Amino acid sequence: MTSRHFKLLLLLLSILTVSCNLEKEINIELPGYTSQPVVECYLEPGKPYRLLLTRSLAYFAPIDLSDPAALLWNDATVTIQVDGQNILLKNQLGIDPLTFQISNYSSTDIVPAGEGREFKLFITMEDGSTIEGKTTMLSVVPMDSMTIEANDEGKYRVLTYFHEDQSTVNYYRRMVNFGSLDSLNQDFILDDKIFDTEKGAFGTGFSFAAGDTLIQSLVHIEEAYFNYLSTLQQSVISNLNPFGQPGLIVSSVTGTANPIGIFTGISMDRDTLILP
Amino acid sequence: MLNFLTRSIPLVGLMLIFSIQLSGQRTVTGTIRDASDGETLIGATVRLAGSDRGTFTNSYGFYSLTLESDTGQIVISYVGYQDQVIKIGPGVSNPVIIDLSSGKLLEEVVVKSNSFREQLGSTQMGVQELTMREAKLIPVVFGEVDIIKTLQLKPGINSGSEGNSGLFVRGGSSDQNLFILDEAIVYNPNHLFGFFSTFNSDAIKDVKIYKGGFPAQYGGRLSSVIDVKLNDGNNQKISGTGGIGLISSRLTLEAPLVKNKSSIILSGRRTYADLITRAVNKSNEGNKEFNPIPDYYFYDLNAKVNYTLSDKDKLFISGYFGQDRFGFDNENFQFNFDWGNVTSTARWNRVITPQLFINTTFTFSDYKYQISNELTGFSFNLQSRIRDMNLKSDFTYAPSNDHHIQMGAEVTRHLFTVGRLKAGSDDGEISFSAGQDLDAWEAGAYIQDEWTINDRSALSMGMRLSGFLQKKKVYGALEPRLAYNYRVTEDLSVKANYARMVQYLHLVANSSISLPTDIWYPSTAGVRPQTSDQVGVGWQYLLGSQFLLSNEYYYKYLGNQIDFKNFADLFANDQLEQEFTFGNGYAYGTEVYLEKKEGRLTGWVGYTLAWVRRGEFKDIMDGRFFAPRYDRRHDISIVGIYELTHRLTVTAAWVYGSGDLSWLPVGRLPFQDIPGGQTQPVVPVYGDRNNLRQPAYHRLDLGLVIEFSPKWGESDLTISVYNAYNRRNPYFLYLDAETKTNENLGIEEVVGIKAKQVSLFPVLPSFTYNFKF
């Protein structure tokens, strides 16, 4: 190979190398955006009332790492009404020591159990605008049986069964955590429209080994929570997916404060399984 | 519907009376063919010698021309062929079959044609023709000849995204195009998510795209008609064509079954990436570190047989079968995703009288996708399908040289399987299912008269009556078509047209990119047909004898447009209609087109200036109007084909387009979720649709064709470079958030936000070896 040929080869290689970099950062200017209050309030029977009220930001809003609490929306009046009683949630930052869940409004009152119990949320912002929400506690749908199967490679899968009430429209959230609640292995939501029988089932892949710990959860959720979760997840996916069709997040809270968020009861069956 | 039909009959009758033939004239009729292989030529000009008056061969190569007396001369011309003059004397009887010789046989003769002059005199607007020579020479991605991608270089036609075979014509969406292959509808004209089209150019004789001024024979789609005719097959000798490319190889064989009477053509194409990936997978068997590569390939098969039963009767049977196959197997599951079209056509041409020609066709179309997965003890199967059976008769009646009447009727049976899901355990204890089966009838009748009023004026009047029946719901519509041409001077004509179109089938597609899982859905009691009304005006000017400059202005109103509600659930949904939302739209713009068809340098320059809007959807942006993603303001294409020598041709195509629109988030929110769920520090918040225009798109493609003359026939090596200057064109944009864990709070924090652009194709050289014998 002559020196000329070698240079030509180098040139071609460099062109190919450069040409393979198909992603680049660009400068764009997004349309203006007004911050909205964001509510997250999950009512779990037997646990205290907690609510997280934050704010959304313009996508390119400056990030101040020295003050992570700047996202929190304080100075609002938060009340939850249940059984005709108003429970005032105090504006105080709290972290659940077991689950590390953060809240900035809470009460020491305990969320009562009871299928069909109705809860109402009233928030008044400092400017007088309001946020409202309503939820009804659903029945817990227990995971009534499970089978563990192994494949030829010694990997395990778990099939979990539950009774699906065909007389009503139901929505479910299924989660599998691996080892601890920090490690999510499976998380999806579905409605029962496609179930043909009353025997509902969820399964994992052959992904686990003997001795692994799985935390399985079956959450019986309201349609409003289903809509919130599905639209929120699709918003995340659509940003990264050229085939995706974005949309607006469907919230379960409304009001003059133009909020986004979810106010819902959590009717959950959760089991820990150590594979043999 | 009966009342509706009854009301329309007087109108159709009036048009018939309008066109009564004068007596005492002689009509010459027959077909025009290529002398080398017997292929009939579509759109060849047949005119009286010394006059501009004449006619064209129809889609089946048939012509009918009336002489003033028993004798005379007719001139036949066709682009790329030698003109031929035929003396018609008392001894010449019908049919007069004329074989034209290709101009290529005459080394130094400049092959001339009057095609530009004929365009000047025609009422037809908004039509683009594509020659197979153009399609084969103009470079496209990976060197794969693709008529749809070449059509995208014509003004007024957008692609959905880079490399995509979707067509967005004059503001219409990609489901508003009628793809016809030998009279049969092709419901999904794409392979591999739209990167390749289903049409194998080796088997194609003729391609026309109508963007406006639709002839009355066409109906069922709002925005364009892409009419593809397959070759009939060489009825003179055995011949073949083929090619070996980087992505696929193809082979076409043609042969006479009975010389001059019957022939057959078989054509196939297949990609072969799977052969390589299978070999790689096999060589890594037992390697636990290796993740097997999924299997993917597609193929197309075309077949056609024709038989000349008599001087007056000819029979054709053709079929297309194409499939995409994606498979991924391992010891735990077998995943398969297959999709494809099947079409078949049986056609009978009959010359009833010298003035009256009838074509009767039965077609069958089938598009299906199927996703299946077999897991240990469980199975999953999802499919959607549309099947059509269509019977139609088209008459061509030429009572005089001044009237060219076409009329016909058709009926179609549609069968739909929409999102049919079956899943469950092998023992049947657990079972899931969803989906619905629907059916419908569609019918149409039309009449159209091309009336040459005098040497300067021509008027085309057409009326189509269409109807649709789904369960007990009936829809009907009158679809008038009007076009007028006025020849101001020998070199300048002005034109105007109006067309109403109605579309009874709708594509359920939630993306601007063609996906095999897109579902066709009929009009029902809750889903009204889509409509469009398009008006166009324009002029054409002949610059010298070699250049034709055209300029058209159009406005199109789109009614009953279908879009989808926020995050519509289109997957295995029994209540699909509940996800639809209905609105309207409009599009307007202008197209400038300068074309050169003859000489060593051929090609065109096209420019489009356009606006598109959709709105009045109850569930989208409170009914406000918005621009769809393909609302592209400026579009330029410059295409050149230059014959350096008779063995060497260079080609170049440069395109420029204003960037498409993206729908990007405007805000973000943090999401904590319940314990055990997934905390997300950045959830995008979307505002109004399509809120950001992407950077402009431009690209240069270059090609070099080196022709050889081996003893056994012809061959060439085509070298092409796609995106020659390696422009990073946007495929899609996204916003990227960089996060890190806050050790004190145990939460994910956002530390940086960036906008990213992803491009698809860098500079891509490719080589294809083609042969013909």
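From a predicted model like this one, the values you see are computed outputs, not experimental measurements.

### Considering the overall build of chain A
A tally of helices and strands in chain A yields 2 helices and 18 strands. Taking 19 Å as the expected radius of gyration for a compact globule of 276 residues, we find that chain A reaches 24 Å, considerably beyond that expectation. For chain A, the spread of C-alpha atoms along the three principal axes comes to 90 × 60 × 35 Å. Considering only residue pairs separated by 6 or more positions, chain A has 63% of its internal contacts joining residues 24 or more positions apart. In the structure as shown, chain A presents an accessible area of about 13600 Å², 54% of it carried by carbon and sulfur atoms. Measuring between centres, the 17 positive side-chain charges of chain A sit 7 Å from its 33 negative side-chain charges.

### Quick word on a nonpolar patch on the surface
Residues and elements named next belong to chain B. Where nonpolar side chains cluster on the molecular surface, the patch consists of Ile453, Tyr484, Tyr486, Val488, Val494, Val537, Trp539, Tyr541, Leu543, Phe547 and Tyr553 and spans about 860 Å² of accessible area. Elements with a contribution of two residues or more to the nonpolar patch: β28 (473-487), β32 (530-543) and β33 (547-564). With 4 residues, the single largest contributor to the nonpolar patch is β32. Topologically, tyrosine 484 is positioned in strand β28.

### Quick notes on the sheet that holds strand β5 (residues 72-77) of chain B
Residues and elements named next belong to chain B. Overall, antiparallel pairing links the 4 strands, which are arranged β3-β2-β5-β6 in an open sheet. Each having just a single partner strand, β3 (54-56) and β6 (84-88) make up the two edges of the open sheet. Averaged over all neighbouring strand pairs, the angle between strand axes comes to 20 degrees, with direction disregarded. Pairing of β5 with β6, which is carried by 5 bridges, proceeds in the antiparallel orientation. Residue isoleucine 76 lies in a different strand from β6, and its bridge partner there is glutamine 84.

### Observations regarding the pattern of salt bridges
Residues and elements named next belong to chain B. Counted according to the given criterion, the structure contains 47 salt bridges over all chains. Across the pair arginine 420 and aspartate 437 runs a salt bridge, and its minimum N-O distance is 3.1 Å. Here arginine 420, found in strand β25 (residues 403-425), pairs with aspartate 437, found in strand β26 (residues 431-452); they are 17 residues apart in sequence, far enough to count as distant. The class for arginine 420 is partly exposed, based on a relative accessible area of 23%.

### Overview of the confidence of the model for chain B
Residues and elements named next belong to chain B. With 93% of its residues at a pLDDT of 70 or more, chain B shows a mean pLDDT of 87. Predicted confidence is poor over residues 8-23, with pLDDT under 50, and the contacts of this stretch with residues over four places away or in other chains come to 26 contacts. Within the model, the stretch residues 105-113 combines pLDDT values under 50 with 12 contacts to residues more than four positions away or in other chains.

### Some thoughts on the pairing of strand β13 (residues 184-191) of chain A
All names here are of chain A. Pairing between strand β12 (residues 171-178) and β13: 7 bridges, direction antiparallel. In the strand pairing of β13, valine 176 is matched with glutamine 186. A loop of 5 residues connects β12 with β13, the two strands running antiparallel in sequence, and glycine 179 in this loop sits at a positive phi of about 85 degrees.

### Topic: the domain arrangement of chain A
For chain A, the assigned domains are domain 1 (37-139 + 249-266) and domain 2 (143-221 + 270-274). A separation of 29 Å is found between the C-alpha centroids of domain 1 of chain A and domain 2 of chain A.

### Points about the environment of proline 97 of chain A
Residue and element names in this part refer to chain A. Residue position: proline 97 is located in the loop between β6 (85-95) and β7 (102-110). When its relative accessible area of 67% is taken as the criterion, proline 97 is described as exposed. Placed 49 residues apart in sequence, proline 97 and methionine 146 show a C-alpha to C-alpha distance of 31 Å.

### What to know about the nonpolar core
Counting 72 residues, the largest nonpolar core has Tyr369, Phe416, Val508, Tyr521 and Phe580 of chain B as the members making the most contacts within it. With residues near it in sequence (within four places) discarded, valine 508 of chain B still touches Asp518, Ile519, Tyr521, Phe564, Leu570, Leu576 and Phe580 of chain B. By size, the runner-up hydrophobic cluster in this structure holds 25 residues, among which are Tyr33, Val219, Phe226 and Leu229 of chain A.

### A look at unusual backbone geometry
Residue proline 95 of chain B is bonded to the preceding asparagine 94 of chain B through a cis peptide linkage, with omega at -5 degrees. Within the fold, proline 95 of chain B resides in the loop between β6 and β7 (98-100). A positive phi angle, close to 50 degrees, is found at aspartate 83 of chain A, a residue other than glycine. By the element assignment, aspartate 83 of chain A lies in the loop between β5 (77-82) and β6. Phi is positive for lysine 471 of chain B, close to 55 degrees, though the residue is something other than glycine. With respect to the secondary-structure elements, lysine 471 of chain B resides in the loop between β27 (457-470) and β28.

### Considerations on the packing of aromatic side chains
Residues and elements named next belong to chain B. One pass over the structure, following the stated rule, counts 41 aromatic pairs over all chains. For the pair tyrosine 593 and tryptophan 604, a centre-to-centre distance of 6.4 Å together with 50 degrees between the ring planes defines the contact as tilted. You can see tyrosine 593 sitting in strand β34 (residues 580-596) and its partner tryptophan 604 sitting in strand β35 (residues 601-615), a full 11 residues away along the chain. Relative accessible area serves as the criterion here: at 7%, tyrosine 593 is assigned to the buried category.

### What to know about the interface of chain B and chain A
Between chain B and chain A, the residue contacts involve 72 residues of the former and 79 residues of the latter. Where chain B packs against chain A, one counts 2 salt bridges. Note that arginine 173 of chain A is salt-bridged to aspartate 673 of chain B, the shortest N-O span being 2.7 Å. Counting across the interface, chain B meets chain A through 19 residue pairs in polar contact (both at pLDDT 80 or more). Sorting the residues of the side of chain B that touches chain A by element identifies β26, β39 (665-671), β40 (680-686), β44 (732-742) and β45 (747-758) of chain B as the ones contributing at least two each. It is β45 of chain B that provides the largest number of residues to the side of chain B that touches chain A, a total of 11 residues. For the side of chain B that touches chain A, a count of residues per class yields 41 nonpolar, 21 polar and 10 charged.

### Concerning helix α5 (residues 273-283) of chain B
Residue and element names in this part refer to chain B. By the burial criterion, the buried members of α5 are Asp274, Thr277 and Asn281. Viewed along the axis of α5, the buried residues span an arc of 65 degrees, placing them on a single side of the element. α5 presents Ile276, Lys282 and Ser283 as exposed residues on the side facing more than 90 degrees away from its buried surface. Elements in contact with the buried residues of α5: β19 (262-271) and β20 (295-308).

### Section: the domain arrangement of chain B
Residues and elements named next belong to chain B. Taken domain by domain, chain B holds domain 1 (2-115) and domain 2 (127-229). Contacts between the two partners involve 5 residues from domain 1 and, on the opposite side, 5 residues from domain 2. For the domain 1 and domain 2 pair, buried surface summed over both sides reaches about 470 Å², with 46% attributable to carbon and sulfur atoms. Counting the surface domain 1 buries against domain 2, the share from its top three residues, Ile42, Ser59 and Tyr60, is 70%. Taken together, domain 1 and domain 2 are joined by 1 salt bridge. One salt bridge in this structure joins lysine 205 and glutamate 39, with 3.3 Å as the shortest N-O distance. Along the lines of polarity and charge, the residues of the side of domain 1 that touches domain 2 split into 2 nonpolar, 2 polar and 1 charged.

Rules behind the numbers
Residues numbered from 1 in each chain as written. Chains lettered and ligands numbered in written order. Predicted model: local features only at pLDDT ≥ 70, side-chain atom pairs only at ≥ 80, totals over all residues. Heavy atoms only, no water. Helix = DSSP H or I, 4+ residues; strand = E, 2+ residues; numbered from the N terminus. Rg over C-alpha atoms; globule rule 2.2 N^0.38 Å. Contact = heavy atoms within 4.5 Å. Areas by Shrake-Rupley, 256 points an atom, 1.4 Å probe, with all protein chains shown as cover. Lys, Arg positive; Asp, Glu negative; His and termini not counted. Charge placed at Lys NZ, Arg CZ, Asp CG, Glu CD. Patch = residues over 30% accessible without salt bridge, like charges linked within 9 Å, V, L, I, M, F, W, Y side chains within 5 Å. Salt bridge = Lys/Arg side-chain N within 4 Å of Asp/Glu carboxyl O. Pairing = 2+ DSSP bridges. Axes fitted to C-alpha atoms, helices over the stretch in contact; angles between N-to-C directions. Buried < 20%, exposed > 50% of the residue type's maximum accessible area, 1.4 Å probe, protein only. pLDDT = per-residue confidence, 0-100. Domains from an automatic or database assignment. Core = buried A, V, L, I, M, F, W, Y, C linked by side-chain atoms within 4.5 Å. Phe/Tyr/Trp six-rings, centres within 6.5 Å; stacked < 30°, edge-to-face > 60°. Polar contact = N/O pair within 3.5 Å; in protein donor to acceptor, adjacent residues only side chain to side chain. Nonpolar A, V, L, I, M, F, W, Y, C, P; charged D, E, K, R; others polar. Arc of directions from axis to C-beta. Buried area = accessible area lost by both parts, 1.4 Å probe.

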